[in-house]
Amino acid sequence: MSIKDNLNKINSELPSGVTLVAVSKTKPNEDILEAYNTGHRIFGENKVQEMVAKWEALPKDIEWHMIGHVQRNKVKYMAEFVALIHGVDSLKLLKEINKQAKKHDRVIPCLLQMHIAEEDTKFGLDDSELQDLLQSDEFKAMENIKIMGLMGMATFTSDENQVRKEFAHLKSVFEKLQQKLPEISILSMGMSGDYALAIEEGSTMVRIGSSIFGARNYQ
Ligand SMILES: *Cc1c(COP(=O)(O)O)cnc(C)c1O
């Protein structure tokens, strides 16, 4: 199936209220344009330089989401245009985003990434780190970032119960956080292999790459 067919199929299956981020990392601009020409506007990348190059080359009404781990020294390159940063997992990074957003006189929407997987290789905050961050005076003073919700990645496993449990945990953290920050609305969870489960467990934003663009080819 073509990119267009894949995208139309996935879109037709997503419940209303679930936003699709088409993950275009490693894929060429022509592939992104094929998706763009179906009307899709939200794309996700995991490397800042690659996202900047694509932003420069492609139509300016694309909403670019940074879904990968962000190094602080790279924030400045995307601060002008990034629409949502999914992988914020430290106060230090948030401070840098706030600083760079201020330079461009904008407020950058962010998600806090939670560590929900069993693997300890995946980035993210645990529950107590989340509380510490939110309670810090430095966080409260930031005016150029806006926390829109949470993001998480489940363990890479074929054990559906495990994945479901991890998504359900993230959803419960999200609901608790909503009592303190009623304005948050985004729960970013689910990729090609597990987005159906993620939606069942309350996801409002799925990040799908290979099921739209095909398998990635890393040199
Ligand atoms: C690559 C990536 C995705 C998409 O993965 P697929 O399995 O290709 O859908 C989603 N989220 C993050 C954080 C990624 O790095």
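Residues numbered from 1 in each chain as written. Predicted model: local features only at pLDDT ≥ 70, side-chain atom pairs only at ≥ 80, totals over all residues. Heavy atoms only, no water.

Q: In this structure, what is going on with the overall build of the protein chain? I would like to understand it.
A: When its secondary structure is counted, the protein chain shows 10 helices and eight strands. A compact globule built from 219 residues would reach a C-alpha radius of gyration of about 17 Å, and the protein chain, at 17 Å, matches this within 12%. Along the first, second and third principal axes, the C-alpha atoms of the protein chain reach 50 × 45 × 35 Å. A sequence separation of at least 24 residues applies to 59% of the contacts in the protein chain between residues at least 6 apart. A total accessible area of about 10800 Å² is found for the protein chain, and carbon and sulfur atoms account for 48% of it. Counting 27 positive and 32 negative side-chain charges, the protein chain places the averaged centre of each group 4 Å from the other. (Helix = DSSP H or I, 4+ residues; strand = E, 2+ residues; numbered from the N terminus. Rg over C-alpha atoms; globule rule 2.2 N^0.38 Å. Contact = heavy atoms within 4.5 Å. Areas by Shrake-Rupley, 256 points an atom, 1.4 Å probe, with all protein chains shown as cover. Lys, Arg positive; Asp, Glu negative; His and termini not counted. Charge placed at Lys NZ, Arg CZ, Asp CG, Glu CD.)

Q: Can you help me understand the packing of aromatic side chains in this one?
A: The way to describe two aromatic rings as a pair is by their centre distance and the angle between their planes. In total, this model carries two aromatic pairs according to the counting rule given. Seen in terms of ring centroids, Phe43 and Trp64 are 6.1 Å apart; in terms of plane orientation they differ by 40 degrees. Their pairing is tilted. Of this pair, Phe43 sits in strand S2 (residues 42-45) while Trp64 is found in strand S3 (residues 63-66), placing the two residues 21 residues apart along the sequence. Residue classification places Phe43 among the buried residues on the basis of a relative accessible area of 0%. With a relative accessible area of 1%, Trp64 lands in the buried category. Ring centres of Trp55 and Phe81 lie 4.2 Å apart, and the angle between their planes is 5 degrees; this geometry places the pair in the stacked category. Of the two residues, Trp55 sits in helix H3 (residues 48-57) while Phe81 sits in the loop between helix H4 (75-78) and strand S4 (84-88), which places them 26 residues apart along the sequence. The buried category is assigned to Trp55, whose relative accessible area is 16%. For Phe81, a relative accessible area of 11% puts it in the buried group. (Phe/Tyr/Trp six-rings, centres within 6.5 Å; stacked < 30°, edge-to-face > 60°. Buried < 20%, exposed > 50% of the residue type's maximum accessible area, 1.4 Å probe, protein only.)

Q: Quick question: what am I supposed to make of unusual backbone geometry here?
A: Most of the time, phi is negative for any residue but glycine, and the peptide bond is trans. For Thr26, which is not glycine, the phi torsion reads 70 degrees and is therefore positive. Examined against the element boundaries, Thr26 turns out to sit in the loop between strand S1 (19-23) and helix H2 (29-36). Judged by its relative accessible area of 33%, Thr26 falls in the partly exposed class. Phi at Asp105 takes a positive value of approximately 55 degrees, unusual for a residue other than glycine. Tracing the backbone shows Asp105 in the loop between helix H5 (91-103) and strand S5 (108-114).

Q: Where do I start with the environment of Val23 in this structure?
A: Tracing the sequence through the fold places Val23 in strand S1. By relative accessible area, which is 5% here, Val23 ends up buried. The sequence separation of Val23 and Phe174 amounts to 151 residues, and the corresponding C-alpha distance is 23 Å. When near neighbours in sequence (up to four residues on either side) are disregarded, Val23 contacts Gly44, Ile67, Arg207, Ile208, Gly209 and Phe213.

Q: Could you clarify how one ought to interpret the environment of Lys25 in this entry?
A: In this fold, Lys25 is placed in the loop between S1 and H2. For Lys25, a relative accessible area of 15% puts it in the buried group. When the C-alpha positions of Lys25 and Arg216 are compared, they lie 8.3 Å apart, and in sequence the two are 191 residues distant.

Q: How should helix H6 (residues 127-135) be read in this particular structure?
A: Because an α-helix completes one turn every 3.6 residues, residues spaced three or four positions apart along the sequence face the same direction. Listed in full, the buried residues belonging to H6 are Leu130, Leu133 and Leu134. With its buried residues spanning 95 degrees around the axis, H6 presents them on a single face. Where the residues of H6 are buried, they touch H5, S5, helix H7 (137-141) and helix H8 (160-180). Capping the start of H6, Asp126 holds a side-chain oxygen 3.2 Å from the backbone nitrogen of Ser128, two or three residues further along. (Arc of directions from axis to C-beta. Polar contact = N/O pair within 3.5 Å; in protein donor to acceptor, adjacent residues only side chain to side chain.)

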